[in-house]
Amino acid sequence: MLCGHQEVSGWSSTLFTLYAVFGRHPIVNMLLQAVFVLFLSYVIYNLLYVRQFSASCGKYKQPGQWYFIKRVIVYLNCLVRTWTRPDDGGKPSADRPRLKSEFPIAQNEFPQLLQSHPSALDSVYMNGVDSHGNTLVAKISRRPGRTAEVWLMLRLADGRYFHFPRFPDTSVYNTDGKSYTAGGLQFTVLQPMLKWRICFNGLLRAGQRDKWNGEDEGKLVHVQFAFVWTAFTGSFSNNFDIDASTLSDAIARETWSLAYRDALAKFSRALQRYEVWGGYLGTITIAEEPERELLLRGVKDHTWGKLDWDLFDRYIINWAYLEDGTVYSIAAVSLPRMMSHFVYGYVTFPSGQRSVIKKTDLHLSCLGEFTDPPKKFCFNVLAGEVNCYITTHQKQEQILYSGNGWSVKIHEQLTDVTLNGVRGWGVTQYMYRHGGDCPVPQQRSLPLLHEPAAADIKTARLLVLPFRDPACASSQVVGGKGSQLALLSQMKENFIVPNGFCLTVASYKHHLQDNASLEAAIQHLQDVAYGKQEGDLQALSKAVMAQFSATKLSLSIEAAVLRELNALFDNEWQHKPFAVRSSAVGEDGAEASFAGQMETFLGVIGISEVCKAIVKCWSSSFAYQAVEYRRFKTDFNSSKHFSFLKIGTFSVYHNIVDISRNHGQVVAADMGVCIQEMVQADTAGVLFTRDPVSGNPGIMTINVSYGLGEAVVSGMTEPDTIYINRTYNNKLSIASKVTGSKTTKIVMKESGGVQELEVADESSECCLSDDVALELGKISILVEQSFSDSRDIEFAVKDKQIFLLQARPITSINIESEFELIHEQDAPVLTDDEMLTTANTGEVMPMAMTPLTCDILTNTLSQIRQILLADVAGIRSPSYTITCFGGNFCRHSFLNLLSGFYFLNEWTSPFWTADDTRTVTEISLFGVRLNNANINNLIEARYKNTRAPFWRKLYMQLNLIKDVFIGKSYCEKAFQLCEAVNDNAYSTSSSIERVYEEIERKIIVYFKIWDYHILTSTSSALASYVMTNQLMGGHASVVTSEVMSDVAMLLSTCTDVLSADVPASLAKLALAIIEDGQDEYFQSLTPEAGTEWLKSDKNGRLKNMFTDFMHMHGHRCIREAELSEKPWRLEPSKVVRNIQELTVKSNHLKEKQVKKALTVDEAIANIRTPLSYLQKKFFRFLLPRARLAVGYREQTKSYAIKGTDILRKGYEKLADLLVEEGYIPDRELIYYFTHDEIKVLFRKRSARLVNKAIRRRKSMPNLTKLQFPEISYGYPTPTAENTHEPDLSTTMELKGMPVSHGVVKATCRVVKSLEDAWTIQHGDVLITKYTDIGWSLYFPLVSGLVTEVGGLLSHGAVVAREYGLPCIVSAKMATTIFQTGDEVILNGTTGIVAKVQSSSINNCVNLLC
């Protein structure tokens, strides 16, 4: 909304410093003298001829005297300020990654402390658009005094328009004052600078309204939406990133003075602002319409500090997103006292390069200076070195009023735009001064009911506290239920909270100290619950309850209870009935209600019964159901303990979302007890301030029956249900009633306790009158406003007097949907033509990843990709995004071809073309050039506006070439990092905090090793491309299979390929077992027994070979980059089972041990493509380095997986500690949190996070089954497997990419997953979708390999070449065309696999050869 700017100060000191440093050199001194002469001439000219020009439109200053010198001074000051800018953590380096917890700027993402000033604000503004016409504008501006401004506009593709019901007024009252929540709208930071959640559940007005009408709200519609916004650009700070030339121009036009300088500096410090662009993905529901999914792109603007509207005259801000992925923010602002006209902004091009605005003809005087804003306008800007012509056309306008007394008028326009002919969509915001009256009555927020700060609690150690004591409002002192009652008692409204007091947590602890054996029994129960000891949890719970119930209150606690009874009720307490209720710490909070989990005793009379009830309440905390509820399980069969309500035609559990949760809370929770005077109610029940199912705030629901409310909440009777319509302005009316049977009511007995009575004559009518229902509704609104959230209120009515017995939060509102949990870690998609592929990732990380792996691995690879883009393509824009890498979709890993691979081209490199980069990328990933003529157009659209000087491009290309020759050093550095890691740092610590901190240190090692692997992978791909290009005569846009066959032959002998060492080492071990004559005995053992046998000392040579293998490769496994997978070191029996299979046929193993290695000269001689003399010389130089590059790539891959295993060990240790302390139910659940969430979990013991992780795990099997096309354009959409199944009867042969020479005729084995790999027989031709290191165990068994995906350097290709197996990759749909048992001929030289028919086999062989 607002423009900040850089502070201007120290002008003269800057000049003196420059002179002191450089002025003593003779040449410099001579130049300074020349500058001085020019400066003196300029001064004389200004004095004699230049005058201050008049301002245009009476207020916009023009250049005058001293304009040039003032501009130079400001420009130099801005440069100095930019050079000294503090690091915001946005730029990762090869030496250190960005840990999200280390962002200095990250703290700016969270709600800021509001200053004690009327102009203080903390505002988040967001907008999003798409090509179909869907537009969202949302803003929450926090203000002092529990107030806020809310903007919410929603335009759908069908033209319908909805907006916030108070428009054109934007004021909202009774907010919580601490979060971005107001008017049903909520912004939540998920990951600083990367992910936010935007949700709304409330009423919007259909149609447009620009004038205030307090009587007619118009047509209000219930709207729900929830989006996850993910950044795809870096931040633009108005305090640091504005171009120095535009800022110096604006300041140089003004009249300078010391007062002016001070005012400018003060304004600069008063306000902070930055913008980030990103993509929204979510769902929206309008009324009863079907849910719809939306994908939007737009800006997030965060502004905080002091905003004095009196300083502003006008401004305009243009935000827009273009279909090619370009985004821009261009603003003009008039601050008459400081800068009469200032234009600033930026354009971020699709490549990621951000260019600030240096020049523009955008001027406020031409844009509605004396009229309303124009519906159409155009302007030119110079963004960096790119000239941009922009047109803007309004399609919808909303008028808003802001500031005290409507001092500001805002025109918010939804627009269609173009930039140099590329169409787009955006929002234009105009600000005007408003001189009219404000017709909206001024309001004030109610005092916020909240728990006292710990420092304010002075009486926490007392054994009992009355509700009126301020300390009683603390849930840590008296438990959740007692705290809510104490807060409710602070309200002075038309209702009564029955008097009472609480036994504090101090009383509970005092009681345990008096009963040492009880304390020990509770500790034993907790140890069993957390798995530290074995035991029958249900039997132990029953025993602890019995032991607890047998204890008596100490005399000091009983005396304290007596004193409080006398103080509150005089001598009447002896005949009064009381309700004695359990009140656990953490109960009735925002994350968990614990409804019905512990006991309540009603109608308790007399001190003896009160004391017994207190002990029983404490005891009920250890009921099996309560323990399981905290510990992660719930028994739905025990429904009598849950509130059962009638909501229309549906029967639902009261707070059912909480009941089904798995909370991860302390089993031995601290306990308070509430003792409250009872009311012999005529009627009682529960009221929800909004619909408990849909969250609709326009519907309040009352469940009520005769007698005490226990009949309603226990489900003993069918209550009456009353629906109350509630307008946005809180006008209430009865909507409908549903009369329940009410056959039973509960009343108090005179002698104490309660009894059930049958109701016969009164059940046909509603038991609550309309007047009382409406009054109850009004009271509940006040309660909701005082707590600032929706409430579930228990009430009683006696002689039309309303009593409130409890008011807990409705915890089911704004819970993440299944759609959100599936897509929460999805990457933003920059354009609808984005090219995303599962190639390579389909081999390395097939199937869905766990959230922890998604978080760690994707964040690491995206940072490394950013470094690579900066180093070789010159795209140096600070970014927190994962767009350039690709990211995750439905937790499946994808690569972004346009941003992550095609970045070397005519616009970013002095030598490379789009065709060149396509060849190296597509051959590496797919094995063939993609047959899509539009790809070059997409590359041009992505990079055509990217600018870098030639010298920088040349330098960056040399960096790329250099990596080919220093791969060995990368391997050595990666090895040293692995060896230097101290795994004992995990095992020696028993502190969750310390283990977590150690993991964060290991993440740095993990990052560095992966960086080295990416560098060696890039070098290997580059070397392979150069060879391919040479074989194609410098025209590699069309690559033939013959050329790829030659390249495969050249790379068939590579040194130190660790992946190939896996099958080779296993084969050697199997042969050693056979040579020792132990093969039959070894085969008779189970894999587990075989593991122990190989580890035994009696098998000296075999033990050493097995130990060496596990030391070298024990960190590897299938899907080895996945943190939750078990490496071979943890499950060695998988390796042993394979060794057992290898010992079956020794002849086959001996054949596999022999492989002819080709020298460089032999390889060059075998090339079928004709070569010139110079080309042969070139190959003799390049081939050894290319072969080494393949080995380095495989070595660093092993080290990267070693780094993964280092992290895995840390998370394993952390999981053990979290289970031991009862934070999570089992070790595996840790992989379903993100790294940052784990910190929140152990610091806050968040029940909601535990539940979220369990829901994520539940969705994992379905996500794993999802199949995606190899290339997706736009947002990836899962597809059904074998959608286009070929005719198996006619398909005889299939062509792929040849990557390893040789011809073999054998039976094929089609294996679609590693779980079925045990079916592989000796001599089979293996046909599968992909291979990774987990398949290496089976390479000694097979005679050939065919994969559906892969390239020249994929795992299967590399190992097959080293092992001498004929191999082709990128054989599409091979697992469908061929079936297990088919006899096939595989020709790894020509790239063909064919079925063998009963006719002449010789003809087939000749054909393939």
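The notes below deal with the structure included here. Note that this is a predicted model, so its numbers are computed, not measured.

### Observations concerning the packing of aromatic side chains
1) Next: Per the stated rule, a full pass over the model turns up 36 aromatic pairs.
2) Next: Ring centres of Tyr 401 and Trp 406 lie 4.0 Å apart, and the angle between their planes is 5 degrees; this geometry places the pair in the stacked category.
3) Next: For Trp 406, a relative accessible area of 6% translates into the label buried.
4) Next: The rings of Phe 200, Phe 225, Phe 227 and Tyr 280 are connected pair by pair, giving a single aromatic cluster.
5) Next: Of note, Lys 139 hangs over the ring of Trp 151, and the distance from its end group to the ring centre comes to 4.1 Å.
6) Next: Here the guanidinium or amino end of Arg 1245 rests over the ring plane of Tyr 1223, the centre of that ring lying 3.9 Å away.

### What to know about a nonpolar patch on the surface
1) Next: Where nonpolar side chains cluster on the molecular surface, the patch consists of Phe 911, Phe 950, Leu 954, Leu 958, Ile 961, Phe 965 and Phe 1181 and spans about 700 Å² of accessible area.
2) Next: It is helix H23 (residues 950–965) that contributes the most residues to the nonpolar patch, five residues altogether.
3) Next: Within the secondary structure layout, Phe 950 lies in helix H23.

### Comments concerning the pairing of strand E47 (residues 1392–1395)
1) Next: Alternating residues of E47 divide into Ile 1392 and Ala 1394 and Val 1393 and Lys 1395, and every residue in both groups is buried.
2) Next: Note: strand E40 (residues 1293–1295) against E47, three bridges, orientation antiparallel. Opposite Leu 1294, over in E47, you have Val 1393 as the bridge partner.
3) Next: The sheet contact formed by strand E46 (residues 1383–1387) and E47 spans four bridges and is antiparallel. Looking across to E47, one finds that Leu 1386 is bridged to Val 1393.
4) Next: In sequence, E46 turns back onto E47 through a hairpin of four residues, with Gly 1391 there showing a positive phi of about 85 degrees.

### Here we look at empty space enclosed by the protein
Which parts of space are left empty comes out when a probe the size of a water molecule is rolled across the atoms.
1) Next: Counted by the stated rule, this structure contains eleven cavities of 30 Å³ or more.
2) Next: Here the largest cavity defines a volume of roughly 950 Å³.
3) Next: What lines the largest cavity is a set of 47 residues, and nearest its centre among them are Asn 840, Phe 901, Leu 925, Ile 1014 and Ser 1017.
4) Next: Mapped onto the lining of the largest cavity, the elements with two or more residues apiece are helix H18 (841–844), helix H19 (851–873), strand E38 (892–896), helix H21 (914–926), helix H26 (992–1031) and helix H35 (1173–1220).

Cut-off values and rules
- Starting afresh in each chain, residues are numbered from 1 along the sequence in its written order.
- Selection of residues for local features in this predicted model requires a pLDDT of at least 70, selection of side-chain atom pairs for listing and counting requires 80 or more, and totals for whole chains, interfaces and linings are taken over all residues.
- With hydrogens and water set aside, each side-chain value is computed from the structure's full complement of heavy atoms.
- For Phe, Tyr and Trp, where Trp contributes only its six-membered ring, two rings pair if their centres lie within 6.5 Å, and the inter-plane angle classes them as stacked under 30 degrees, edge-to-face over 60, or tilted in between.
- Exposed residues in this analysis have more than 50% of their type's maximum accessible area, buried residues have under 20%, and partly exposed residues fall in between, with area computed by a 1.4 Å probe over protein chains only.
- For a lysine, the NZ atom is tested; for an arginine, the CZ atom; a charge sits over a ring if that atom is within 6 Å of the ring centre and within 35 degrees of the ring normal.
- Like charges within 9 Å and nonpolar side chains (Val, Leu, Ile, Met, Phe, Trp, Tyr) within 5 Å are joined into patches, using only residues over 30% in relative accessible area that form no salt bridge.
- All accessibility values rest on the Shrake-Rupley procedure with a 1.4 Å probe; residue burial counts only the protein chains present in the view.
- Salt bridges are identified by distance alone: a Lys or Arg side-chain nitrogen within 4 Å of an Asp or Glu carboxyl oxygen.
- Runs of H or I in DSSP of at least four residues are treated as helices and runs of E of at least two as strands, each being numbered from the N terminus.
- Each pair of strands is called paired provided DSSP finds at least two bridges between the two strands.
- A 1.4 Å probe that fits but cannot get out identifies a cavity on a 1 Å grid over protein atoms alone, an open set with protein on both sides within 12 Å along at least five of seven lines counts as a pocket, and a residue lines either if it has an atom within 4 Å of a point.
- Grid points are joined across faces, edges and corners, and a volume is the space filled by probe spheres set on the points.

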